[in-house]
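Notes for the structure review
Residues per chain, in single letters:
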Amino acid sequence: MPRNRPTLILVHEPEKACFDRLVADGYPTERAIEISSYLAQSTDLAPEFDQLAAACEKRGLAFMAVELDDAATVLAKADPACTLVWTLTDGIAYFRGGAAPALARLNGLKTIGADDSLFALCQDKFRSGAVLGSLGLPMPPAGLARNGEWLVEPPASPAGWFVKPNRLGAKIGIWPESRCHDLKHALELSRRVFAGYRDDVVVQPYVAGRNVRASFLGLKPGTGVEALGIAFVESGGDFQTMADSMSLYGDTGQAAKDAGNYAEPELGPVAASQPAADRAIRAVAQKLVTGLGLKDVFSVDLRVEADDTIHLIEFEVCPGLPCFDFRDYCRRQWGMSLADAMAETAANRLTS
């Protein structure tokens, strides 16, 4: 490891490492493939590590890509005076990336992103929703079910409910029938999720509207929500499913491309047609920054109705950096490729 030289360490958990661990824990191969697909950004960014290293070199930085299983050893040897740790993927349950910012803190290293407590919170949708609701944010209330039994009953909802796994992301465990009009069906879905993934389900009142992704990268320290990129995400349906997600990213996404089954959702600026909603989303993001501690890099998923009513769905402290939407954000907001935007962000914290 370079000594006395500003160094960006990118910690990432490969899909295969997760897949092998899940299979060893007794998960069927198909379920392990689905779960580990959440880590597709590690697969997708790996071919660009040389570009990222070159972008860092232009700015006087060294770059190291470190697999999560090696992180404890590498970070223990890093120089706190000139090292910055960027964690590519979160996780506390099926995925373990949340260990990286904690290891960085243990070794006195600077980090990009929120503190490690939020890495844990965002991976538990029910607990996260409770915290966001207590901050007065427009989060749909939720019930919680485990294997066909209610732990917390959901509120009544004339429009029906939406059922999703509590600790899994990337649309894993979301199917076309995940919107349901019968709580008995919601409990059936909880049995299906528990059988396949050993997870609880969150059951929220269904909210109407269009899907929105708000992306943020603080290129310079002190960058505010004016740099938030807020876009409608149009995928041709009311919501994306696991099949949609697996056709976009990682090894399964490459297979979909090879088979001609790849279609990126379309992005469009919310401000162009609903400026009031855009302003409301920035206000929500500011509350997440000041009340929850989001910083540096994050994303927020929302639903926006035609009358500008907004519903906060969830936040991510490790947004899918190599995904099409974050690349588009870096081009539109910063006029940079992903590699240059990441390197510039790191340089502004290490060399300023």
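Residues numbered from 1 in each chain as written. Predicted model: local features only at pLDDT ≥ 70, side-chain atom pairs only at ≥ 80, totals over all residues. Heavy atoms only, no water.

With that settled, consider the overall build of the chain. In terms of helices and strands, the chain carries 15 helices and 14 strands. Dimensions along the principal axes, computed over C-alpha positions, put the chain at roughly 60 × 50 × 45 Å. With 352 residues in all, the chain has 55% of them scored as buried. When contacts within the chain are restricted to residue pairs at least 6 apart in sequence, long-range pairs at least 24 apart make up 74% of them. For the chain, the accessible surface area stands at approximately 14,500 Å², while carbon and sulfur atoms represent 52% of it. For the chain, the separation between the mean place of its 35 positive charges and that of its 45 negative charges on side chains is 4 Å. (Helix = DSSP H or I, 4+ residues; strand = E, 2+ residues; numbered from the N terminus. Buried < 20%, exposed > 50% of the residue type's maximum accessible area, 1.4 Å probe, protein only. Contact = heavy atoms within 4.5 Å. Areas by Shrake-Rupley, 256 points an atom, 1.4 Å probe, with all protein chains shown as cover. Lys, Arg positive; Asp, Glu negative; His and termini not counted. Charge placed at Lys NZ, Arg CZ, Asp CG, Glu CD.)

One pass over the structure, following the stated rule, counts six aromatic pairs. Seen from their ring centres, phenylalanine 49 and phenylalanine 63 are 6.0 Å apart, and the 55 degrees between their planes marks the pair as tilted. Within this pair, whereas phenylalanine 49 is found in helix 4 (residues 49-58), its partner phenylalanine 63 is found in strand 2 (residues 62-67), the two being separated by 14 residues in sequence. Residue class for phenylalanine 49 comes out buried when judged on its relative accessible area of 13%. Within the aromatic cluster, the residues linked to one another by ring pairs are Tyr27, Tyr38, Tyr94 and Phe95. Of note, arginine 179 hangs over the ring of tyrosine 206, and the distance from its end group to the ring centre comes to 3.5 Å. Lying over the aromatic face of phenylalanine 232, arginine 210 brings its terminal NZ or CZ to 3.6 Å of the ring centre. (Phe/Tyr/Trp six-rings, centres within 6.5 Å; stacked < 30°, edge-to-face > 60°. Lys NZ or Arg CZ within 6 Å of the ring centre and 35° of its normal.)

This part is about the pattern of salt bridges. Counted under the stated rule, the structure contains 25 salt bridges. In this structure, the salt-bridge partner of arginine 146 is aspartate 200, at a minimum N-O distance of 2.7 Å. In this pair, arginine 146 is assigned in strand 5 (residues 143-146) and aspartate 200 in the loop between helix 9 (183-197) and strand 9 (201-205), connecting sequence segments 54 residues apart. Aspartate 278 is the partner of arginine 282 in a salt bridge, and the nearest nitrogen-oxygen pair spans 2.8 Å. Note that arginine 282 and aspartate 278 are positioned in helix 13 (residues 275-292) at a spacing of four residues, about one turn of the helix. Members of the salt-bridge network, linked through shared partners, are Glu13, Arg21, Asp69 and Arg96. (Salt bridge = Lys/Arg side-chain N within 4 Å of Asp/Glu carboxyl O.)

Right, let's get into the packing of helix 5 (residues 68-77) against helix 6 (residues 99-106). Helix-helix packing is characterised by the crossing angle of the two axes and by the distance between the axes. Between helix 5 and helix 6, the least distance of the axes is 10 Å, while the angle of their chain directions is 5 degrees. Taken together, helix 5 and helix 6 sit at an angle that is classed as roughly parallel. For the pair helix 5 and helix 6, the contacting residues are Leu68, Ala71, Ala72 and Leu75 in the first and Ala100, Leu103 and Ala104 in the second. For the contact of helix 5 with helix 6, the class distribution of residues is seven nonpolar, no polar and no charged. (Axes fitted to C-alpha atoms, helices over the stretch in contact; angles between N-to-C directions. Parallel < 35°, antiparallel > 145°, perpendicular 65-115°, else oblique. Nonpolar A, V, L, I, M, F, W, Y, C, P; charged D, E, K, R; others polar.)

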